[in-house]
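Structural features, examined
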Amino acid sequence: MVFGYSTNAYVKYSVKESLKRIAALGFKGVEIMCDRPHLYPPDFDGAALADLKSVLDAHGLQITNLNSFTLFAVGDTYLPSWIEPEAERRAIRVQHTLACLEVARALGARNISIPPGGPLEKGMTRQEAFRHFFDGLEQVLPTAEELSIKVLVEPEPDLLMERTSEFKPFIQEMRSPMIGLNFDIGHFFCAGEDPAEAMEDLFEWIGHMHVEDIAASRRHNHLIAGLGAIDFEKVFQTMGRLGYDGDISLELYPYVDTPDEAGKASRDHLKPFFERAGYTV
């Protein structure tokens, strides 16, 4: 297991400077944001990707995940989505995901994470939305299978899937080992669930995890670990008991003005929980 820090807290810095800072904090891994201002695929040719790989190697950083969730380069956090009514908009999301898979191959990443459909459009039924999502994933699956790179769906509050009860029937219908779950501990807490119990229920599909804290109100706002109400002892003990051996990324994108301080404080707070659960970070 490698503990990484997501570059989406470092949008005021270049991707190379972000890597340097994350390594200096003591992290052994990094989740790279596949969007501007970091690693938007159309901005990186083969030479640029090779150069970035050399920077990763120089700092001793392993890629924990490629975060292919946002699309600020052409839209916003959620749009274009997998489930918009317009086929051309859905195609942008599909092409972005295919491009991220190619980036993952070039950098040696084992997985990418994607949104769980997107915001449900007004007037669209959940059945229609899921049909669009399945259609899009069917276009991505052959490449994921060819490259042996997992596409991990990340349930999120207010999107098509946010709870265990919504993700489980979806993943059972997909029936592909290349589609899995990016388990965001805070998101399940926001959705009113006990993250440890959700982890146990969904464990067989988890390919990567996000960690952050969330206030007792369960409002979707990522906090420095230790400033919220998540029971990390229970979560990490469950993780250790289940034998989780994937990677984990700290995700603190609200702290763009103080990413170093937020990362250090969170790492210091979480380190004892990792160690008591049998993990070295």
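The text that follows walks through the structure, step by step, so that each part is easy to find. (Residues numbered from 1 in each chain as written. Predicted model: local features only at pLDDT ≥ 70, side-chain atom pairs only at ≥ 80, totals over all residues. Heavy atoms only, no water.)

Secondary structure summary: the chain contains 9 helices and 8 strands in total. At 18 Å, the chain has a C-alpha radius of gyration in line with the 19 Å of a compact globule built from 281 residues. Oriented by its inertia axes, the alpha-carbon framework of the chain measures out at about 45 × 45 × 35 Å. Here the chain holds 281 residues, and the buried ones make up 57% of them. In the chain, the proportion of contacts linking residues at least 24 apart, taken out of those at least 6 apart, comes to 76%. On the chain, roughly 11,300 Å² of surface is accessible, and the fraction owed to carbon and sulfur atoms is 49%. Charged side chains of the chain number 27 positive and 43 negative; the gap between the two group centres comes to 3 Å. (Helix = DSSP H or I, 4+ residues; strand = E, 2+ residues; numbered from the N terminus. Rg over C-alpha atoms; globule rule 2.2 N^0.38 Å. Buried < 20%, exposed > 50% of the residue type's maximum accessible area, 1.4 Å probe, protein only. Contact = heavy atoms within 4.5 Å. Areas by Shrake-Rupley, 256 points an atom, 1.4 Å probe, with all protein chains shown as cover. Lys, Arg positive; Asp, Glu negative; His and termini not counted. Charge placed at Lys NZ, Arg CZ, Asp CG, Glu CD.)

A separate point is the pattern of salt bridges. Any two side chains of opposite charge can pair, on the condition that their charged atoms come close. Enumeration over the complete set of coordinates arrives at 18 salt bridges. A salt bridge links Lys-16 to Asp-51, with the nearest nitrogen and oxygen atoms 2.3 Å apart. One end of the pair, Lys-16, is in helix α1 (residues 15-24); the other, Asp-51, is in helix α2 (residues 46-58), and 35 residues separate them in sequence. For Asp-51, a relative accessible area of 33% puts it in the partly exposed group. Among the ionic pairs, Asp-57 bridges to Lys-53, the shortest N-O distance being 3.1 Å. Placement of both Asp-57 and Lys-53 in helix α2 is noted, with a separation of 4 residues, approximately one turn of the helix. Since its relative accessible area comes to 28%, Lys-53 is described here as partly exposed. (Salt bridge = Lys/Arg side-chain N within 4 Å of Asp/Glu carboxyl O.)

This brings us to the environment of Leu-147. Take Leu-147: it is sitting in helix α4 (residues 126-147). Since its relative accessible area comes to 16%, Leu-147 is described here as buried. For Leu-147 and Arg-110, which are 37 residues apart along the polypeptide, the C-alpha to C-alpha distance reads 9.3 Å. The contacts of Leu-147, once residues within four sequence positions are left out, are Leu-101, Glu-102 and Arg-105.

What follows concerns the sheet that holds strand β7 (residues 206-211). Strand order in the closed barrel formed by 8 strands is β1-β2-β3-β4-β5-β6-β7-β8, and the pairing between neighbours is parallel. Taking the axes of each pair of neighbouring strands and ignoring which way they run, one obtains an average angle of 30° across the sheet. As judged from the 5 bridges shared by strand β2 (residues 29-33) and strand β3 (residues 62-67), these two strands associate in the parallel manner. Bridge assignment links Gly-29 to a residue of β3, and that residue is Gln-62. The sheet contacts of helix α7 (residues 195-202) involve β6 (179-184) and β7, and relative to β6 the element is tilted by about 170°. (Pairing = 2+ DSSP bridges. Axes fitted to C-alpha atoms, helices over the stretch in contact; angles between N-to-C directions.)

Within a regular beta strand, the side chains point alternately toward one face of the sheet and then the other, so they alternate between its two faces. Side-chain alternation along strand β4 (residues 111-114) places Asn-111 and Ser-113 on one buried face and Ile-112 and Ile-114 on a second face that is also buried. Two strands pair when backbone bridges link them, and β3 and β4 are joined in this way by 2 bridges, in the parallel orientation. Opposite Asn-67, over in β4, you have Ser-113 as the bridge partner. Handedness of the crossover joining β3 and β4 through helix α3 (residues 87-107): right-handed. (Right-handed = clockwise from strand over helix to strand, strands pointing away.)

Moving on, we get to the side chain of Ser-18. On the secondary structure map, Ser-18 appears in helix α1. Among residues more than four places away in sequence, those in contact with Ser-18 are Thr-7, Tyr-10, Tyr-13 and His-38.

Here Ser-81 lies in the loop between β3 and α3. Ser-81 gets classed as buried once you look at its relative accessible area, which sits at 0%. Of the polar contacts made by the side chain of Ser-81, one reaches the backbone nitrogen of Ile-83; its length is 3.1 Å. Not counting residues within four places of it along the chain, the set of residues in contact with Ser-81 comprises Arg-89, Arg-90, Arg-93, Gly-117, Gly-118 and Pro-119. (Polar contact = N/O pair within 3.5 Å; in protein donor to acceptor, adjacent residues only side chain to side chain.)

Between Arg-36 and Pro-37 the backbone carries a cis peptide bond, its omega angle lying at 15°. Here the amide bond leading from Leu-79 into Pro-80 is cis, since omega sits at 0°, within 30 degrees of zero. Structurally, Pro-80 can be placed in the loop between β3 and α3. For Arg-175, which is not a glycine, the phi torsion comes out positive at approximately 55°. For Arg-175, the position within the fold is in the loop between α5 (164-174) and β6. Look at Arg-175 and you get exposed, because its relative accessible area is 75%.

The next point concerns the nonpolar core. Membership of the largest hydrophobic core comes to 89 residues, with the highest contact counts inside it found for Tyr-5, Phe-133, Phe-170, Phe-183 and Leu-270. Ranked by the residues each element gives to this core, the list is headed by α4, at 9 residues. Leave out the neighbours within four places in its chain, and Phe-183 touches Phe-188, Pro-195, Ala-198, Met-199, Leu-202, Ile-206, His-208, Met-209 and His-210. (Core = buried A, V, L, I, M, F, W, Y, C linked by side-chain atoms within 4.5 Å.)

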